[in-house]
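Breakdown of the fold
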Amino acid sequence: MKPLLSGLALALSLACVPALAADTVSAEARALHERILTLDSHLDTPMFFAREGWDILQRNDTAPLNSQVDLPKMVEGGLDGGVWVIYTGQRGRTPADDLAARDHGLTRLVEIRELLAAHPDTFELALTADDAARIRDAGKRVVYISIENASPLSADPSLLGFYHRMGVRVLGLVHTSNNDFADSASTPPEWNGLSDKGRALVAEANRLGIVLDHSHASDAVFDQLIALSKAPIILSHTGADAVYEHPRNIDDARIRTLAEHGGVILVNSLGSYLIDTGATPAYREEVAALFDRFGGRANMRDADWHEFDRLRAELDAKHGLKQATLDDYFAHILHIIEVAGPEHVGFGADWDGGGGVVGMEDVSDLPKITARLLEAGYTEAQIEAMWSGNLLRVIRQAQAVAEAEAQTAS
Ligand SMILES: [Zn+2]
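Residues numbered from 1 in each chain as written. Predicted model: local features only at pLDDT ≥ 70, side-chain atom pairs only at ≥ 80, totals over all residues. Heavy atoms only, no water.

One pass over the full model with this rule turns up 25 salt bridges. Among the salt bridges present, the one from arginine 108 reaches glutamate 111, with a minimum N-O distance of 3.0 Å. One end of the pair is arginine 108 and the other is glutamate 111, both in helix 4 (residues 95-118) and three residues apart, which spans about a single turn. Taken as a pair, arginine 108 and glutamate 111 share a single burial class, namely buried. (Salt bridge = Lys/Arg side-chain N within 4 Å of Asp/Glu carboxyl O. Helix = DSSP H or I, 4+ residues; strand = E, 2+ residues; numbered from the N terminus. Buried < 20%, exposed > 50% of the residue type's maximum accessible area, 1.4 Å probe, protein only.)

A positive phi angle, near 85 degrees, is found at asparagine 149, a position not held by glycine. The residue asparagine 149 is located in the loop between strand 4 (141-148) and helix 6 (159-165) in this model. Positive phi, normally seen in glycine, also occurs at aspartate 350, with a value near 60 degrees. Tracing the sequence through the fold places aspartate 350 in the loop between strand 9 (345-347) and helix 14 (367-375).

This part is about the environment of leucine 109. Relative to the helices and strands, leucine 109 resides in helix 4. Assessed through its relative accessible area of 3%, leucine 109 is described here as buried. For the pair formed by leucine 109 and histidine 119, sequence separation is 10 residues and the distance between their alpha carbons is 16 Å. In this view, leucine 109 contacts Ile86, Ile145, Phe162, Tyr163 and Met166; residues no more than four positions away in its chain are not counted. (Contact = heavy atoms within 4.5 Å.)

What follows is about helix 11 (residues 281-293). The terminal C-alpha atoms of helix 11, which comprises 13 residues, lie 18 Å apart, in line with the 18 Å expected from a rise of 1.5 Å per residue. When we look at burial in helix 11, the residues that qualify are Tyr283, Val287, Leu290 and Phe291. Mapping the buried residues of helix 11 onto a view down its axis gives an arc of 100 degrees, with all of them on the same face. Turned more than 90 degrees away from the buried face of helix 11, the exposed residues are Pro281, Glu285, Asp292 and Arg293. Downstream of helix 11 by a residue or two, glycine 295 has a phi angle that is positive, lying close to 80 degrees. (Expected span 1.5 Å × (residues − 1). Arc of directions from axis to C-beta.)

A few words on the coordination of the zinc ion. The protein atoms that coordinate the zinc ion are Glu148 (OE), His216 (NE2) and His237 (NE2), at distances of 2.1 to 2.2 Å. Of note, the donors binding the zinc ion are all from one chain and are spaced E-x67-H-x20-H. Of this pair, histidine 216 sits in the loop between strand 6 (211-213) and helix 8 (219-228) while histidine 237 sits in strand 7 (residues 234-238), and the two are 21 residues apart along the sequence. For the pair histidine 216 and histidine 237, a shared accessibility class is recorded, and that class is buried. (Donors = N, O, S within 2.8 Å, 3.2 Å for Na, K, Ca; no water.)

Now for the confidence of the model for the protein. In this model, the protein carries a mean pLDDT of 92, and residues with pLDDT of at least 70 account for 93%. Here residues 1-21 is a poorly scored stretch, pLDDT under 50, and it has 30 contacts once near neighbours within four places are set aside; other chains count. (pLDDT = per-residue confidence, 0-100.)

If you look at the biggest cluster of nonpolar residues, it comprises 79 residues, and the most contacted ones within it are Leu171, Leu173, Tyr329, Ile369 and Leu373. By residue number, the principal contributor to this core is helix 13 (residues 326-340), which donates eight residues. The contact partners of tyrosine 329, leaving out residues within four places of it in the chain, are Val267, Asn268, Ser269, Leu274, Phe347, Ala349, Val357, Met360 and Ile369. Formed by 21 residues, the second largest nonpolar core is a distinct cluster that contains Leu39, Ile135, Val394 and Ala398. (Core = buried A, V, L, I, M, F, W, Y, C linked by side-chain atoms within 4.5 Å.)

Among the structural elements, aspartate 213 can be located in strand 6. At 7.6 Å, arginine 248 is the nearest oppositely charged side chain to aspartate 213, a buried residue that forms no salt bridge. Side-chain polar atoms of aspartate 213 contact the backbone nitrogen of serine 215, separated by 3.0 Å. If sequence neighbours within four positions are ignored, aspartate 213 has contacts with Val170, Leu171, Gly172, Leu173, Ile234, Leu235 and Ser236. (Lys, Arg positive; Asp, Glu negative; His and termini not counted. Polar contact = N/O pair within 3.5 Å; in protein donor to acceptor, adjacent residues only side chain to side chain.)

Of all seven residues in strand 2 (residues 81-87), seven are buried, a share of seventy percent or more. Sheet topology places strand 1 (residues 39-43) next to strand 2; three bridges connect them, and they run parallel. Bridging from a neighbouring strand, leucine 43 pairs with tryptophan 84 of strand 2. Here strand 2 runs beside strand 4; their pairing, made up of seven bridges, is parallel. When the bridges of strand 4 are listed, glycine 82 appears paired with valine 143. (Pairing = 2+ DSSP bridges.)

With that settled, the discussion passes to the packing of aromatic side chains. On inspection of all chains with the given rule, the structure shows eight aromatic pairs. Their ring planes at 25 degrees and their centres at 5.7 Å tell us that phenylalanine 48 and tryptophan 54 sit as a pair that is stacked. As far as burial versus exposure is concerned, phenylalanine 48 and tryptophan 54 are alike and both buried. Judged by centre distance (5.9 Å) and plane angle (80 degrees), the rings of phenylalanine 294 and phenylalanine 308 are edge-to-face. Placement of phenylalanine 294 in the loop between helix 11 and helix 12 (302-318) and of phenylalanine 308 in helix 12 is noted, with a sequence separation of 14 residues between them. Like phenylalanine 294, the residue phenylalanine 308 is buried in the burial classification. Ring pairing ties together the aromatic residues Phe48, Phe49, Trp54, Trp84 and Phe123, which thus form one cluster. Lying over the aromatic face of phenylalanine 181, lysine 197 brings its terminal NZ or CZ to 5.4 Å of the ring centre. The ring of phenylalanine 330 carries the charged tip of arginine 372 above its face, separated from the ring centre by 5.4 Å. (Phe/Tyr/Trp six-rings, centres within 6.5 Å; stacked < 30°, edge-to-face > 60°. Lys NZ or Arg CZ within 6 Å of the ring centre and 35° of its normal.)

In structure tokens:
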């Protein structure tokens, strides 16, 4: 059973709703949201695990750290868990860079395992699709582990086997620039999709039963993953080109192909992928320079974020940047459901990785999604499939493919 919602949280969710009528979370929607199993497919929160002063058991200010996920917010937002990310920013690709990336990935993995070890009554590692409901019913939060950007595997791709033994169940190949395995959606092509090393990694992920995640990779990588992967793939945090055309989003034809191959697209809420915020190249350059000034997102300390956020807000105001809203996020969600069908959609809002919109600032706002889906006419079974069942189905299929392969081999 889930722990019962506290009286205070319930009162807040029922009484303290903003003026927008659409975002009134009815008692019916709240109860449904509490009943179903809810997972987000891309939680960047492990980035905070080793930060001094940050505590997952305490409510951390959403601003200025942009800390959107912790236990109190998960309880308030009825989020049972998700896929927690080992994210490594892409640096150079020299042997020294590869070793630095290797160490970074392993360090983040250890930090996740340390968090699990420190809070065994609150969080539990999920290894199979069935684990999620069992962990939730035991009153704990579900922790699947994924990799975002395979660069920690560049020096030694066989490390994927070690990551698998340590619990990794999802693998995203690339981030915002090309690496040794695949082309990014955000840089000019180098491999025209996957490199030979990338193809080998895809085969190894299939062999281990690790789900392949296309988010951040180029369209050519998508086509090759569909052709190559023996198991369905996911897009752990991606939006729709038809709603807002952007290299990080995907077109309707590919969404249909994904669904035909049993895959799932989990919808991203990162504002500048949802709408045209009016960001000019000059603005982007200034933001990049600002990140550089602080040594990059991954290296920023708590104190840096306060100053960074202040300066970034100044830049946004100077350039008159528009902010995406929950309506904008929902436009992507409804479109993708219509194209893919509710059996192939989920939520990966890029929490703690740049996600969140006006009206849904952190995971405590998640019941609004369920309320809107209910209002749009989706059934409880469909809503639960989107909140967890579809993602779990792909995890189950990837593991079944690996087991079948192992039997053929033996
Ligand atoms: Zn990402």
